[in-house]
Amino acid sequence: MGRPAGFTDDQVFAWLAGHLSQAASVTVIEVSQGTGVSVGSIYHRYGSMDDLLARAWLWAIVRQRAPLVVPLKGEGVQAAIQIALHTVRFARTDPVAATILACCPRSAFVKPGLMTDSIGEIVSHDARFEALFLAFASRSGFTPVAAELAMIRYPTCVVQMYLPAVEVPRHAELFVKKAARTTLGIGDNGKQSEHARH
């Protein structure tokens, strides 16, 4: 029976989140020094530095998007608000994955022009998520641009104001909700204006 690995993916990904939220790139030597995991163990588990980075990004998007599958199969204003709020709530419950997604450049994890098994999974995951998201926007009468701004971009900007330095406060939800309602053209009566549908 082999020796236990002595480290977890979560530990390595947490170090990467902290490092890449402050730096543009990372080397295997830096990962080894930062985590205390030998270079050989890193290569043994991940195969390459590129695949380690891609696996960290995939880990983060799967954790962040899994709870959105059900609301994205629905429609309407309330579902849209819940989807928008998920980003800030997720940042409180899973700050490491949220830091990777909100505070680190995607290009630091998913290298353009490279293809690994993990990157292939990311491309497939992105395509499925985009299809779900666009179908939700269409059913709900939201333009794709307004839906993306309200439910993804603005909430992500709110998270970036806090992570990785401090926890995202609960009152941040108020800003996200207001921004989503305004962007989607939802009035105080809870209905979308005719102008916002075009």
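Scroll up to find the structure.
Notes on helix α6 (residues 77-93)
Then, in step 1: With 17 residues, α6 extends 24 Å from end C-alpha to end C-alpha; this agrees with the ideal 24 Å at 1.5 Å per step.
Then, in step 2: At H86, α6 shows its strongest bend, of approximately 30°.

Topic: the packing of helix α4 (residues 49-65) against helix α7 (residues 95-103)
Then, in step 1: It is the contact of α4 with α7, at a shortest axis distance of 9 Å, that shows an interaxial angle of 110°. Relative to α7, α4 is oriented roughly perpendicular. In this structure, α4 meets α7 at a crossing whose hand is left-handed. Across the interface between the two elements, A56, W57, W59, A60, I61, R63 and Q64 of α4 pack against V96, A97, I100 and L101 of α7.

Things to note about the packing of helix α1 (residues 9-20) against α4
Then, in step 1: At a minimum axis separation of 10 Å, α1 and α4 run at an interaxial angle of 95°. By the angle class used here, α1 and α4 are roughly perpendicular. Taken together, the residues of α4 that come into contact with α1 (itself represented by D9, D10, V12, F13, L16 and L20) are L52, L53, R55, A56 and W59.
Then, in step 2: Its residues assigned to classes, the contact of α1 with α4 shows eight nonpolar, no polar and three charged.

Comments concerning the state of the cysteines
Then, in step 1: If you walk through the whole model with that rule in mind, you get zero disulfides.
Then, in step 2: Looking at the unpaired C103, the closest cysteine sulfur is the one in C104, lying at 6.4 Å.

A look at the environment of S107
Then, in step 1: Tracing the backbone through its elements, the reader meets S107 in helix α8 (residues 106-109).
Then, in step 2: The class of S107 is partly exposed, set by a relative accessible area of 44%.
Then, in step 3: The sequence separation of S107 and A24 amounts to 83 residues, and the corresponding C-alpha distance is 9.1 Å.

Description of the pattern of salt bridges
Then, in step 1: All chains considered together, the criterion is met by eight salt bridges.
Then, in step 2: When the shortest N-O distance is used, the salt bridge between R106 and D126 registers 2.6 Å. In this pair, R106 is assigned in helix α8 and D126 in helix α9 (residues 117-140), connecting sequence segments 20 residues apart.
Then, in step 3: Between R153 and E148 there is a salt bridge; the shortest N-O distance is 2.6 Å.

Rules of the game
- Residues numbered from 1 in each chain as written.
- Predicted model: local features only at pLDDT ≥ 70, side-chain atom pairs only at ≥ 80, totals over all residues.
- Heavy atoms only, no water.
- Helix = DSSP H or I, 4+ residues; strand = E, 2+ residues; numbered from the N terminus.
- Expected span 1.5 Å × (residues − 1).
- Bend = angle between axes of the 7 residues up to and from the residue.
- Axes fitted to C-alpha atoms, helices over the stretch in contact; angles between N-to-C directions.
- Parallel < 35°, antiparallel > 145°, perpendicular 65-115°, else oblique.
- Left-handed = near helix turned anticlockwise from the far one by under 90°.
- Contact = heavy atoms within 4.5 Å.
- Nonpolar A, V, L, I, M, F, W, Y, C, P; charged D, E, K, R; others polar.
- Disulfide = S-S within 2.5 Å.
- Buried < 20%, exposed > 50% of the residue type's maximum accessible area, 1.4 Å probe, protein only.
- Salt bridge = Lys/Arg side-chain N within 4 Å of Asp/Glu carboxyl O.

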